[in-house]
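# Analysis of the macromolecular model
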Amino acid sequence: QVQLVESGGGLVQPGGSLRLSCAASGSIFSIDNMGWFSQAPGKQRELVAGITRSGGTNYADSVKGRFTISGDNAKNTVYLQMDSLKPEDTAVYYCYADQNTLSGRKRYWGRGTQVTVSS
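A brief report on the enclosed structure follows. Since we're looking at a predicted model, the values are computed, not measured.

Definitions and limits used
- Residues numbered from 1 in each chain as written.
- Predicted model: local features only at pLDDT ≥ 70, side-chain atom pairs only at ≥ 80, totals over all residues.
- Heavy atoms only, no water.
- Core = buried A, V, L, I, M, F, W, Y, C linked by side-chain atoms within 4.5 Å.
- Buried < 20%, exposed > 50% of the residue type's maximum accessible area, 1.4 Å probe, protein only.
- Helix = DSSP H or I, 4+ residues; strand = E, 2+ residues; numbered from the N terminus.
- Contact = heavy atoms within 4.5 Å.
- Pairing = 2+ DSSP bridges.
- Axes fitted to C-alpha atoms, helices over the stretch in contact; angles between N-to-C directions.
- Disulfide = S-S within 2.5 Å.
- Phe/Tyr/Trp six-rings, centres within 6.5 Å; stacked < 30°, edge-to-face > 60°.
- Lys NZ or Arg CZ within 6 Å of the ring centre and 35° of its normal.

### Here's the deal with the nonpolar core
Ranked by size, the top nonpolar core spans 29 residues in total, and within it Leu4, Met34, Trp36, Leu80, Met82 and Tyr93 carry the most contacts. Counting residues per element, the ones that place at least two in this core are β1 (2–7), β3 (18–26), β4 (31–39), β5 (46–52), β7 (67–72), β8 (77–82), β9 (91–101) and β11 (113–117). Ignoring sequence-local partners within four residues, the contact set of Met82 consists of Gly16, Ser17, Leu18, Leu20, Arg66, Phe67, Tyr93 and Val115.

### So, the sheet that holds β7
Read across the open sheet, the 4 strands follow the order β1-β3-β8-β7; overall the sheet is antiparallel. Looking at which strands have only one partner, the edges of the open sheet turn out to be β1 and β7. When strand polarity is set aside, the average angle formed by the axes of neighbouring strands in this sheet is 15°. With 6 bridges joining them, β1 and β3 adopt antiparallel strand pairing. Paired with Ser7 across the two strands is Ser21, which belongs to β3.

### Here we look at the state of the cysteines
Under the definition given, this model contains 1 disulfide. A sulfur-sulfur separation of 2.0 Å characterises the disulfide bridge that pairs Cys22 with Cys95. An S-S torsion of about -85° defines the bridge between Cys22 and Cys95 as left-handed. Taken together, the residues Cys22 in strand β3 and Cys95 in strand β9 connect sequence positions 73 residues apart. When its relative accessible area of 0% is taken as the criterion, Cys22 is described as buried.

### Notes on the packing of aromatic side chains
Two numbers describe a pair of aromatic rings. These are the distance of the centres and the angle of the planes. All chains considered together, the criterion is met by 3 aromatic pairs. Ring plane angle 75° and centroid distance 5.4 Å describe the contact between Phe37 and Tyr96, whose orientation is recorded as edge-to-face. Of this pair, Phe37 sits in strand β4 while Tyr96 sits in strand β9, and the two are 59 residues apart along the sequence. Taken together, the ring pairs in this structure connect Phe37, Tyr96 and Trp109 into an aromatic cluster. Over the aromatic face of Tyr79 sits the side chain of Arg19, whose NZ or CZ is 4.1 Å from the ring centroid. Directly above the ring of Tyr94 sits Arg45, whose terminal nitrogen or CZ lies 3.7 Å from the centroid.

Okay, here's the thing in structure tokens:
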């Protein structure tokens, strides 16, 4: 079992910055990938950024050059530094963690944190 707790969301003006955090607990040694999805009202959930245990990263085209995902294995925590925020970034951001065990693979989700970009 894996538990994920997100923090760092809030209201920010266009051009501003936020830093999201996602702390994992439980069967953390079985986690091999973590990252973030976003979901705006009335839209499908989409991948924002992901990171592997060894530090490999991938980003949605819409956030490349503005967002940076990083991980701290010692703290079992993943971060999303969000710079140059735009109104279209407004969404609920969900942390995920992928678990790989002898029983198979499973994706765990955090409860989500609201990011609102507005003047």
